[in-house]
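Observations on the three-dimensional arrangement
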Amino acid sequence: MGPIPSLWRGLRWLAVLGVLTASGIQFNTARAATPVTVTIWSTATDGPVGPTPIAAGVKAVIAHYQQLHAGIKIDWSEYTPQQDPSSYQTLVTAIAGGKAPDVAEIDRFLTAEFAAEGAVEPIGSYLPKNAASLVTDKLLPGAWAELHGFNGQLYGVPVTYDNVGFWALYYNKTMLQAAGITTPPTTWAQLNADAKLATKKAGSRITTLGYLPYSDTAGEMDGFLYGAQGHLISPNGKTATLNSPIAVKALGEEVAVVDAQGGWDAVSRWIPTPTSPAAQNPFFMQTAAMTDGGDWYLQDIALYAPKMQFGIVPLPNPTGKSYGAWAGGWSFQLVKGSTHPTQAAAFMDYMTSADAAKTFIMAAQAYGAAHNQVVVLPGAFYFAYPGLVAQYNLPALKAKYPQIYNGVQFFLNTPKTYAASFARDRNFVPGELWQAEQPAAQAALFHKMTPAASLAQQNTI
């Protein structure tokens, strides 16, 4: 099966905008008179809705900004964007119909593709002087590379209420010790052997899983790929290299670690789906001994398994040396046709400021205290505002939950301890490349094709 058809192949933005203009529907980019309403669409995890410390923090930032700017109202809604352009159908339709928000959250690695198609516009000319975002995105791993460089212009601001990533191996110390494993694996061969050793079965049914793969097969492959310092695109960003030798090896490892535990049919039953409650993740329930993912898991561990004895190490690679780290994150983008671009850019910039960060942290901490929850902030905060987190967040973690504190320190030290760190390869079809990995991985995991053959097939597409 080929990749999901790109949304852009069915709807080309520049042509659509030209048709709309020709038909008399004009986008008003002039500064509107106050009072004005700035509309924002975000993911559910980064917005003000829901019983979470993050929602409490975002809600406080909105309220504080509206107090500081009496003529501005923030109308914040949520939608469901993912990592491929086809999941942005709601936004695309809204832009085409002249009903788009001023600001929309998109996965940051898609910036170049959205910019090239004219769905988002440069923000630099609308930013206030001494913009906070110009400092913040230099502090967040990967942000500068993903938001800058398209035609030499700046697109969007990083979402500081989001995580950073840095793919790593989480392991349950108690479960590994029970399996006779004294140290976590460092190489692919060791990971496969330890996963097999820690997997327990009752007949053909797995009762304890040694290694829980990431919920997205493309993300799983990329974790191994970047951990081995591989890439999916040529250095000039113009040629897909899905079937490069290191990419083939990375998919081969994805298959090998699953096969070591009983094969895809058995292991896939353990992998959470997008609608699975986080509390039912086998790693948090302590029925899976190891898993891979980024810094966001610390928030779930703090919420669902704060007493679990766990550790974090770099995701194994072929040699156990020169690990690569994969950083990611999301962005707020100024949508093409924004009704209030100047006011929208001002609020986007404010969200990256230290004042907004302190407001967020204090509200999140207060929510945690009121609900007896351990508060682990979104990973971006630890990089962007080290002074604030050192004052308001880290001391309590270190005193009460030292293992979670050590987990935060692991990610903070990632740029120093890893040989290299990468944002995802910047190019104009990143979503299509991501989608191409999905069928390639599925074909290999079911042993319908070899990793080399399945990736070669997708690379041709």
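Residues numbered from 1 in each chain as written. Predicted model: local features only at pLDDT ≥ 70, side-chain atom pairs only at ≥ 80, totals over all residues. Heavy atoms only, no water.

1. Points about the overall build of the chain
When helices and strands are counted, the chain shows 22 helices and twelve strands. For the chain, the C-alpha radius of gyration of 22 Å lies close to 23 Å, the compact-globule estimate for 461 residues. Long-range pairs, those at least 24 residues apart, make up 78% of the contacts in the chain with a sequence separation of at least 6. Accessible area of the chain: about 18,700 Å², with a carbon and sulfur share of 56%. For the chain, the distance from the average site of its 27 positive side-chain charges to the average site of its 29 negative ones is 5 Å. (Helix = DSSP H or I, 4+ residues; strand = E, 2+ residues; numbered from the N terminus. Rg over C-alpha atoms; globule rule 2.2 N^0.38 Å. Contact = heavy atoms within 4.5 Å. Areas by Shrake-Rupley, 256 points an atom, 1.4 Å probe, with all protein chains shown as cover. Lys, Arg positive; Asp, Glu negative; His and termini not counted. Charge placed at Lys NZ, Arg CZ, Asp CG, Glu CD.)

2. Concerning the packing of helix α11 (residues 245–259) against helix α22 (residues 451–460)
Contact pair α11 / α22: the axes reach a minimum separation of 9 Å and the direction vectors enclose 125°. In terms of orientation, α11 lies oblique with respect to α22. Crossing hand, α11 versus α22: right-handed. Two secondary-structure elements touch here, α11 through A247, V248, L251 and G252 and α22 through P451, A452, S454 and L455. (Axes fitted to C-alpha atoms, helices over the stretch in contact; angles between N-to-C directions. Parallel < 35°, antiparallel > 145°, perpendicular 65-115°, else oblique. Left-handed = near helix turned anticlockwise from the far one by under 90°.)

3. Describing helix α14 (residues 341–351)
Since there are 3.6 residues in each turn of an α-helix, residues three or four apart along the chain are aligned in direction. Within α14, nine of the eleven residues are buried, which leaves the element mostly enclosed by the surrounding structure. Within α14, burial applies to P341, Q343, A344, A345, F347, M348, D349, Y350 and M351. (Buried < 20%, exposed > 50% of the residue type's maximum accessible area, 1.4 Å probe, protein only.)

4. Considerations on the pairing of strand β8 (residues 288–293)
Burial analysis of β8 places six of its six residues in the buried class, which makes it a mostly covered element. Pairing of strand β7 (residues 205–212) with β8 involves three bridges; the strand directions are parallel. Paired with L212 across the bridge in β8 is T291. (Pairing = 2+ DSSP bridges.)

5. With respect to the sheet that holds β7
Pairing is mixed in the open sheet, where five strands are placed in the order β6-β7-β8-β5-β9. Edge strands, defined here as strands with exactly one partner in the open sheet, are β6 (200–202) and β9 (310–314). Taken over all neighbouring pairs, the strand axes of this sheet differ in orientation by 25° on average, direction set aside. The sheet contact formed by strand β5 (residues 168–172) and β9 spans five bridges and is antiparallel. Counted as the bridge partner of N172 is F310 from β9. Relative to the sheet, helix α19 (residues 402–412) contacts β5 and β9, its axis offset from that of β9 by approximately 10°.

6. Side note on the packing of aromatic side chains
Summed over all chains, the structure comprises 31 aromatic pairs. Taken together, a centroid distance of 5.5 Å and an interplanar angle of 40° make the contact between Y226 and W326 tilted. Taken together, the residues span a long stretch of sequence, with Y226 in helix α10 (residues 217–227) and W326 in strand β10 (residues 324–326) at a distance of 100 residues. No difference in accessibility class separates Y226 from W326, as the two residues are buried. For the ring pair F410 and F411, a centre distance of 5.2 Å and an interplane angle of 85° mean the geometry is edge-to-face. (Phe/Tyr/Trp six-rings, centres within 6.5 Å; stacked < 30°, edge-to-face > 60°.)

7. Section: the confidence of the model for the chain
When pLDDT is averaged along the chain, the result is 88; 92% of the residues meet or exceed 70. Here helix α2 (residues 13–22) stands out as the element of the chain with the lowest mean pLDDT, 39, in contrast to helix α9 (residues 188–198), whose mean of 98 is the highest. Contacts from residues 1–32, a stretch scored under 50 in pLDDT, to residues over four places away or in other chains number 65 contacts. (pLDDT = per-residue confidence, 0-100.)

8. Section: the sheet that holds strand β1 (residues 36–42)
Taking strand neighbours across the sheet as the criterion, the five strands line up as β2-β1-β3-β11-β4 in an open arrangement whose pairing is mixed. Taken across any chain shown, the strands that pair with only one partner, and hence form the sheet edges, are β2 (72–78) and β4 (157–158). As paired elements, β4 and strand β11 (residues 330–334) share two bridges and run antiparallel to each other. Note on β11: the bridge partner recorded for V157 is F332. Running at roughly 160° to β11, α14 makes contact with β1, β2, β3 (103–107), β4 and β11 of the sheet.

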